[in-house]
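Listed here are the chains, written in short residue letters.
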Amino acid sequence: AAAWKAFDGPILLLLSGDDYTAKEFLEQVGSSPAWAKALLKHKLAQHHEPDADHTFSETRFNVVIANCTLDLLGDLVQG
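As the structure is a prediction and not an experimental result, all values here were calculated from the model.

1. Comments concerning unusual backbone geometry
A negative phi holds for most residues other than glycine; trans holds for most peptide bonds.
Here comes step 1: The phi torsion at Phe56 lies on the positive side, around 50 degrees, for a residue other than glycine.
Here comes step 2: You can see Phe56 is positioned in the loop between β2 (44-53) and α4 (61-78).
Here comes step 3: Residue classification places Phe56 among the buried positions, given a relative accessible area of 7%.

Right, here's the structure in full:
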């Protein structure tokens, strides 16, 4: 959490709903003041996809990931 908070660049957080790792991460965030503060980072873009698995393996999620990434890159270009 400290490294994430100290990082000055943008972060894209993609969370899948059908994923134990994502669930554990959210549990940690919920019980840790340091992580809660890290999630308030102004350069953090978050997207939660409830039906996706850990690797977003279904083809239908390719567009979701691509759009989130393009949005983040667009923000970088606009500065």
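Back to the write-up after that little detour.
2. Digging into the nonpolar core
Here comes step 1: Ranked by size, the top nonpolar core spans 11 residues in total: Trp4, Ile11, Leu13, Leu15, Ala22, Phe25, Val29, Trp35, Ala38, Leu39 and Leu44.
Here comes step 2: Of all the secondary structure elements, the ones that give two or more residues to this core are β1 (11-18), α2 (20-31) and α3 (33-38).
Here comes step 3: Apart from residues lying up to four places away in sequence, Val29 is in contact with Trp35, Ala36 and Leu39.

3. Structural notes on the packing of aromatic side chains
Here comes step 1: Within the structure shown, the criterion is met by 4 aromatic pairs.
Here comes step 2: Judged by centre distance (5.2 Å) and plane angle (80 degrees), the rings of Phe25 and Trp35 are edge-to-face. Linking Phe25 in helix α2 with Trp35 in helix α3, this pair joins segments that are 10 residues apart in sequence. The pair formed by Phe25 and Trp35 is uniform in burial state, with each residue classed as buried.
Here comes step 3: Aromatic pair Phe56 and Phe61: ring centres 6.0 Å apart, planes at 85 degrees, arrangement edge-to-face.
Here comes step 4: A relative accessible area of 2% means that Phe61 is categorised as buried.
Here comes step 5: Every member of this aromatic cluster is reached through a ring pair, and the members are Trp4, Phe25 and Trp35.

Cut-off values and rules
Residues numbered from 1 in each chain as written. Predicted model: local features only at pLDDT ≥ 70, side-chain atom pairs only at ≥ 80, totals over all residues. Heavy atoms only, no water. Helix = DSSP H or I, 4+ residues; strand = E, 2+ residues; numbered from the N terminus. Buried < 20%, exposed > 50% of the residue type's maximum accessible area, 1.4 Å probe, protein only. Core = buried A, V, L, I, M, F, W, Y, C linked by side-chain atoms within 4.5 Å. Contact = heavy atoms within 4.5 Å. Phe/Tyr/Trp six-rings, centres within 6.5 Å; stacked < 30°, edge-to-face > 60°.

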